[in-house]
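# Tertiary structure, described
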Amino acid sequence: MLRILIIEDDAEAAAYLAKGLTELGHVADRAGDGEAGLEQALAGTYDVLIIDRMLPKRDGLSVIEVLRKGGNYTPVLILSALGQVDDRVKGLKAGGDDYLPKPYAFTELLARVEALARRPKSGGEVETTYRVGDLVLDRLAHSCRRGQTDIPLQPREFRLLEYLMQNAGQVVTRTMLLENVWEYHFDPQTNVIDVHMSRLRGKIDKGFDVPLLHTIRGAGYTIREPAG
Amino acid sequence: MNRLARIARTTAFKLSVLYLAVFTALSAFLLIYISRNTNQLMLAQVTQTLNAEITGLPEEYVRGGVRALVASIDRRARRPDASLYLLTDFAGNPIAGNIPERPKTILGETASGVQRVHYLRRDAAGVEEEREALIRQFDLRGGYRLLVGRDLGETRHFVDILAEARQLWIGVVVIMAVVTWFFVNRRVMKRIDDIADTSQTIMEGDLSGRLPVAGNDDEFDRLATNLNAMLDRIELLMHGMKDVTDNIAHDLKTPLTRLRNRVETALREARTDTDYRSALEATLDESDNLIRIFDSLLRIARIEAMTPEAGMDTVDLRQLVGQLADLYGPAAEDAGGRLNVDVPDGLLAECNAGLINQVLVNLVENALKYAVPETGRQVITISAAEAGERIYLTVTDNGPGIPEEALDRVADRFVRLDESRSEPGHGLGLSLVRAVARLHGGDVRLQDAEPGLKATIDLPRAAAHGDTTDDDRRSTG
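So, how was this worked out
- Residues numbered from 1 in each chain as written.
- Chains lettered and ligands numbered in written order.
- Predicted model: local features only at pLDDT ≥ 70, side-chain atom pairs only at ≥ 80, totals over all residues.
- Contact = placed C-beta atoms within 7 Å.
- Helix = DSSP H or I, 4+ residues; strand = E, 2+ residues; numbered from the N terminus.
- Nonpolar A, V, L, I, M, F, W, Y, C, P; charged D, E, K, R; others polar.
- Pairing = 2+ DSSP bridges.
- Axes fitted to C-alpha atoms, helices over the stretch in contact; angles between N-to-C directions.
- Core = buried A, V, L, I, M, F, W, Y, C linked by C-beta atoms within 7 Å.
- Buried ≥ 20, exposed ≤ 12 C-beta atoms within 10 Å, placed from the backbone.
- Parallel < 35°, antiparallel > 145°, perpendicular 65-115°, else oblique.

Looking now at the interface of chain A and chain B. Across the contact, 16 residues belong to chain A and 18 residues belong to chain B. Ranked by residues supplied to the side of chain A that touches chain B, first place goes to helix α8 (residues 192-204) of chain A with four residues. Among the residues forming the side of chain A that touches chain B, the class breakdown is seven nonpolar, six polar and three charged.

Structure, rendered in structure tokens:
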């Protein structure tokens, strides 16, 4: 369960978000303008803040800047109708952690919020080894094995698997993969990501009884422990 | 009145008045100067003549006495255009000469210099007339006095002619100025009126109007040529805008209509939950498609409005293309083909990396989507080469390409070809490529790769190594 604050002046959009998040078992609070949102964010303890870029009374970026100056490092997902590259850069520079242009698919937002919440805190201990079931990824030795089998990976495949295992158990969307593994910010019109995923699947799941890498229809991919 | 005031305000009128004043003053000065000098010159000449005459006569007297002198005077006085002579005795009575008496205004008995006097002249009919003359007198032994003079009538006459000419000249100058003004004014006013009229029709919405160019390469021609070039550009932009509007109308209206039809059909025909569900899913897909189109349109508009300097960086093209090939290579291989990279090491371009990525993504995705060759082995090549100050970045495929006659059309207006109208984004994808190419001071060229399509954009080459801007940016950022 995550505690999430939604600072959004469009009441309908905020209600839609809150409803979706609550249905999945999260707690979602709402604030209608920048000042109220800043107050609530400072008062409460939230796992993730969802902040609209353009807000009445106080601009979304200004809310983030005030929070960061006050030592509050709660992860922030910026929502914006301005979907351009320079707007993204501005948002991240102001202290935002992720940026999602409007309109967005709910699954995309959910995947990003959950990824933000699970993100290792800065200054925390960095894991050197990721494990999912019998799949082990050694980040120091740059090696991968499943059970007793060594799996040779290309550098890009290694980054891909690393990102998936870092978010093990959660859904990662295609755009998240594109942004975090390739550092591209665009919406691909072809199945480029799926091709890379099927190659990776061929290496880590092919020939094993239990599949670890799953396609989540309409959302993206997830790597998770076998059930039971 | 109004018309007069309008004429008085024109530059042509003001210039004409100024020129008229300057010319009049100048010619008046010139004429006064000439007449004064002429006058002096003629007087000097008369004086010289007098002196010459007077030196001869006293010698005559010394040699032959009064009789010889009188004979000589009579002889000289009878010559045509004779000077004036008067010989008087000690009592002042005239003895010989061609004037009846000593001029009354003559000065000093012994004066020997040249002086100007009035005298009485008697013509053949005996009519006396007072005239002006320049005279010199000479005392001879025996109380005789000799007076030699020269009538100034002719000189006077000449000066009068000059004065008359002066007035006439000024009159002619004024008339010429007015005539010149009239023609200049008519010419200038006419051309300015032409320009004003043409701009009026253009303002009223007829963008095809152009200013008349006389073809004599004067300043009006230069002005008209420049204004025409500007109008050409405006017309092009307006057409471009109209095309964009038409494209937006088509690109957004078509999917919106589809969306509406689906919802309507679902409401009318759907019976089961599954029916509703599939209708809603189709609606969702269609609205995602709409959002994508809208995003592309916005992005193109943004790029077209960008200043060229914004976001420019020194970019290693091999690295940029390599990364993209890393992403798209497997997709090409899965389709049974391959993605080649042919970019030399250390090729640096001055460009906006994000936008160049977008361009390559659009071109490569187009190739992946449309360029399935008959042989089934799809080969896409991204290559770059420098030529002078530009770098040519090319994406080539070996698919069916675009028919020759459509190639021009696509390159010209970036309309979508009808065959691909149903696929979203194609036309806009190329529009974006062109917008980015133009932002980098170049353009996009589509060619037949025989077979296949070859799309090239050109970028500015980055300044040679040692370019400091990159380091500066890094240290300040």
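All names here are of chain A. Sheet architecture is open: five strands sit in the order β2-β1-β3-β4-β5, paired in parallel fashion. Looking at strand neighbours, the two that pair on one side only are β2 (27-31) and β5 (98-101), the edges of this open sheet. Sheet twist, expressed as the mean angle between neighbouring strand axes with direction ignored, is 20 degrees. Across five bridges, the pairing between strand β1 (residues 3-7) and β2 is parallel. Note that in β2 the partner of arginine 3 across the bridge is valine 27. Strand contacts of helix α2 (residues 34-43): β1, β2 and β3 (48-52), with the helix running at about 140 degrees to β2, the strand carrying the most contacts. Contacts between helix α3 (residues 60-69) and the sheet are confined to β1, β3 and β4 (76-80), with β3 contributing the most and set at about 145 degrees to the helix.

Attention now moves to the nonpolar core. One finds A:Ile50 and B:Leu360 to be the most contacted residues of the largest nonpolar core, which totals 104 residues. Once you skip the residues sitting within four places of it in the chain, A:Ile50 turns out to touch A:Ile4, A:Ile6, A:Ile7, A:Leu17, A:Leu77, A:Leu79 and A:Val113. The next biggest cluster of nonpolar side chains, apart from the first, holds 19 residues, and it includes B:Ile54, B:Tyr61, B:Tyr119 and B:Leu134.

Looking now at the packing of helix α6 (residues 155-166) of chain A against α8(A). Working note: a packed helix pair is described by the angle between its axes plus the distance between those axes. All names here are of chain A. Running from amino to carboxyl end, α6 crosses α8 at an angle of 85 degrees, the nearest separation of the two axes being 11 Å. One element, α6, and the other, α8, form an angle in the roughly perpendicular class. For the pair formed by α6 and α8, the contact residues are Glu157, Leu160 and Leu161 on the first element and His196, Leu200 and Lys203 on the second. For the contact of α6 with α8, a count of residues per class yields three nonpolar, one polar and two charged.

Attention now goes to the pairing of β4(A). Residues and elements named next belong to chain A. Along β4, five of the five residues are buried, which leaves the element largely enclosed by surrounding structure. What you see with β4 is no split at all: Val76, Ile78 and Ser80 on one side and Leu77 and Leu79 on the other are buried throughout. By the bridge criterion, four bridges tie β3 to β4 in an arrangement that is parallel. Looking at the pairing, isoleucine 50 lines up with leucine 77 of β4. Judged from the four bridges that link them, β4 and β5 form a sheet pairing that is parallel. Its bridge partner being in β5, isoleucine 78 is matched across the sheet by tyrosine 99.

With that settled, the discussion passes to the environment of B:Arg377. Residue and element names in this part refer to chain B. Considering the arrangement of structural elements, one finds arginine 377 in the loop between α7 (353-370) and β9 (379-387). Placed 39 residues apart in sequence, arginine 377 and arginine 338 show a C-alpha to C-alpha distance of 7.9 Å. Those residues in contact with arginine 377, other than ones at most four positions away along the chain, are Gly336 and Gly337.

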